[in-house]
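# Structural overview for review
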Amino acid sequence: MAGITLYNYEMDEGSYRVRLLLSILKLTYTTVAVDMFPGHEETKPAMLALNPLGTMPVLSDGDLVLHGTEAILAYLAKAYDPSRLWLPEDAPAFGATVMWLHFSATALAAAAAARLKSLFDTPGDEAALYAGARKAFRIMDDHMTLRQFDGCEWFVGDGPTLADLTLFPSFALSRDYGIDHDDYPALRRWVRRFRAIEGFRTMPGIPDYH
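In this text the structure is predicted, and so the values were computed from the model without any measurement.

## Topic: the nonpolar core
What tends to happen in soluble globular proteins is that the nonpolar side chains get buried as a cluster. Grouped together as the largest cluster of nonpolar side chains are 55 residues, with contacts concentrated most on Leu76, Phe137, Met140, Phe155, Phe168 and Trp190. With 7 residues, the single largest contributor to this core is helix α7 (residues 162–172). With sequence-adjacent residues up to four places away left out, methionine 140 is seen in contact with Trp100, Phe103, Leu108, Phe155, Leu167, Phe171, Leu187 and Trp190. By size, the runner-up hydrophobic cluster in this structure holds 5 residues, among which are Tyr7, Val34, Met56 and Val58.

## Here we look at the packing of aromatic side chains
In total, this model carries 12 aromatic pairs according to the counting rule given. Each ring, one from phenylalanine 137 and one from tyrosine 184, has its centre 6.0 Å from the other, and the planes form 75°; the classification is edge-to-face. Residue phenylalanine 137 is found in helix α6 (residues 126–149), and its partner tyrosine 184 is found in the loop between α7 and α8 (185–195); the two are separated by 47 residues along the sequence. The class for tyrosine 184 is buried, based on a relative accessible area of 1%.

## A look at the side chain of asparagine 8
Note on placement: asparagine 8 falls in strand β1 (residues 4–8). Not counting the four nearest positions on each side in its chain, asparagine 8 is found in contact with Ser15, Arg19, Thr31, Val32, Ala33, Val34 and Met56.

## A word on the side chain of aspartate 81
As for its placement among the helices and strands, aspartate 81 is situated in the loop between α3 (69–80) and α4 (91–106). Despite being buried, aspartate 81 has no salt bridge partner; arginine 84 is the closest side chain of opposite charge, sitting 5.6 Å away. A polar atom in the side chain of aspartate 81 sits 2.5 Å from the side chain of serine 83. A distance of 3.0 Å separates a polar atom in the side chain of aspartate 81 from the backbone nitrogen of tryptophan 86. Setting aside chain neighbours within four positions, we find aspartate 81 in contact with Leu25, Leu76, Trp86 and Leu87.

## Brief notes about the packing of α7 against α8
With their axes 11 Å apart at the nearest point, α7 and α8 run at an angle of 115° to one another. At the point where α7 passes α8, the crossing takes the left-handed sense. For the pair formed by α7 and α8, the contact residues are Asp164, Leu165, Leu167, Phe168 and Phe171 on the first element and Leu187, Arg188, Trp190, Val191, Phe194 and Arg195 on the second. Split into classes, the residues belonging to the contact of α7 with α8 amount to 8 nonpolar, no polar and 3 charged.

## Topic: the pattern of salt bridges
Under the definition given, this model contains 10 salt bridges. Across the pair aspartate 176 and arginine 115 runs a salt bridge, and its minimum N-O distance is 3.0 Å. In this pair, aspartate 176 sits in the loop between α7 and α8 while arginine 115 sits in helix α5 (residues 109–120), placing the two residues 61 residues apart along the sequence. We classify aspartate 176 as partly exposed; its relative accessible area is 23%. Judged by its relative accessible area of 1%, arginine 115 falls in the buried class. One salt-bridge network, held together by shared partners, links Arg138, Asp141 and Asp142.

## Overview of the sheet that holds strand β4 (residues 64–67)
With respect to topology, 4 strands assemble into an open sheet ordered β2-β1-β3-β4, the strand pairing being mixed. The open sheet is flanked by β2 (29–33) and β4, the only strands paired with a single partner. For this sheet the average axis-to-axis angle between neighbouring strands, irrespective of direction, equals 20°. Relative to strand β3 (residues 58–61), β1 is paired through 4 bridges, and the arrangement is antiparallel. Note that in β3 the partner of threonine 5 across the bridge is serine 60. Sheet strands touched by helix α1 (residues 13–24): β1, β2 and β3. Its angle to β1, the strand with the most contacts, is close to 150°. On the sheet, α3 packs against β1, β3 and β4 and is oriented at approximately 135° with respect to β4.

Quick notes on the rules
Throughout, residues of each chain are indexed from 1 in the direction in which the sequence is written. With the structure being a predicted model, the display of local features is reserved for residues of pLDDT at least 70 and the display and counting of side-chain atom pairs for 80 or more, all residues being used for whole-chain, interface and lining totals. Just so you know, side-chain values use all the structure's heavy atoms and leave hydrogens and water out. Think of a nonpolar core as a cluster: buried Ala, Val, Leu, Ile, Met, Phe, Trp, Tyr and Cys residues, connected wherever their side-chain atoms sit within 4.5 Å. We call a residue buried when its accessible area falls under 20% of the maximum for its residue type, exposed when it is over 50%, and partly exposed in between, using a 1.4 Å probe and counting protein chains only. Only runs of H or I of at least four residues qualify as helices and only runs of E of at least two qualify as strands under DSSP, and these elements are numbered from the N terminus. Contacts between residues were defined by any pair of non-hydrogen atoms, one from each residue, lying within 4.5 Å. The criterion for an aromatic pair is that two Phe, Tyr or Trp rings (for Trp, the six-membered ring) have centres within 6.5 Å, with stacked assigned to planes under 30 degrees apart, edge-to-face to planes over 60 apart and tilted to the rest. Counting rule applied: Lys, Arg positive; Asp, Glu negative; His and chain ends not counted. For this document, the term salt bridge refers to a Lys or Arg side-chain nitrogen within 4 Å of an Asp or Glu carboxyl oxygen. Distance and chemistry together define a polar contact, namely a pair of N or O atoms within 3.5 Å, with one atom able to donate a hydrogen and the other to accept it when in protein, and with adjacent residues in sequence counting only for side-chain atoms on both sides. In this analysis, axes come from line fits to C-alpha atoms, helices being fitted only over the stretch in contact, and the angle between any two N-to-C directions falls in the range 0 to 180 degrees. Whether a crossing is left-handed or right-handed is set by the direction in which the near helix is turned from the far one by less than a right angle, anticlockwise for left-handed and clockwise for right-handed. Polar here means any residue other than Ala, Val, Leu, Ile, Met, Phe, Trp, Tyr, Cys and Pro, which are nonpolar, and Asp, Glu, Lys and Arg, which are charged; Gly is therefore polar. At least two DSSP bridges between two strands are needed for those strands to be called paired.

Shown next, in the form of structure tokens:
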């Protein structure tokens, strides 16, 4: 029986999110390295057959092939997390978690693009992308400030969920393009907690200390 295969680019934020959840859930999987990053034109025909959009990551599990980070994360949590911690079944917590997944895919797109601009000189207005990233991080920091006033340590509920997992990389990697983490004290405290989760793994660009 075929197992889980992740088609992965090491420096891609979306691929890292999936690797992170696979590690936290202690799942065995095979990695296929793909020499590309989102928005780059060097997309191989084999990858286009798996994902016509040509974007990372792509995950196969048996006959099932999924692309899109949010879809992959939701599938893995639903299929392989019997504790239902990462994708809560409680309707309000489920809705809030999905809302932050959407935030990650939309509001944090500027942060991902700003990082790629800095690392690989991809197209884009550097100042606008930087401003968009800072705006998204301010929303996140304000949310966590209010949560911490209420004695809560995570974006949703009483424990870490996919909301925390999907938001973590964009902020943690933002020093790659000059975002000062001292401007976001609530996120700094949250990042330290997230790094302590069993199964956490890092990637290039994520600082060891916050």
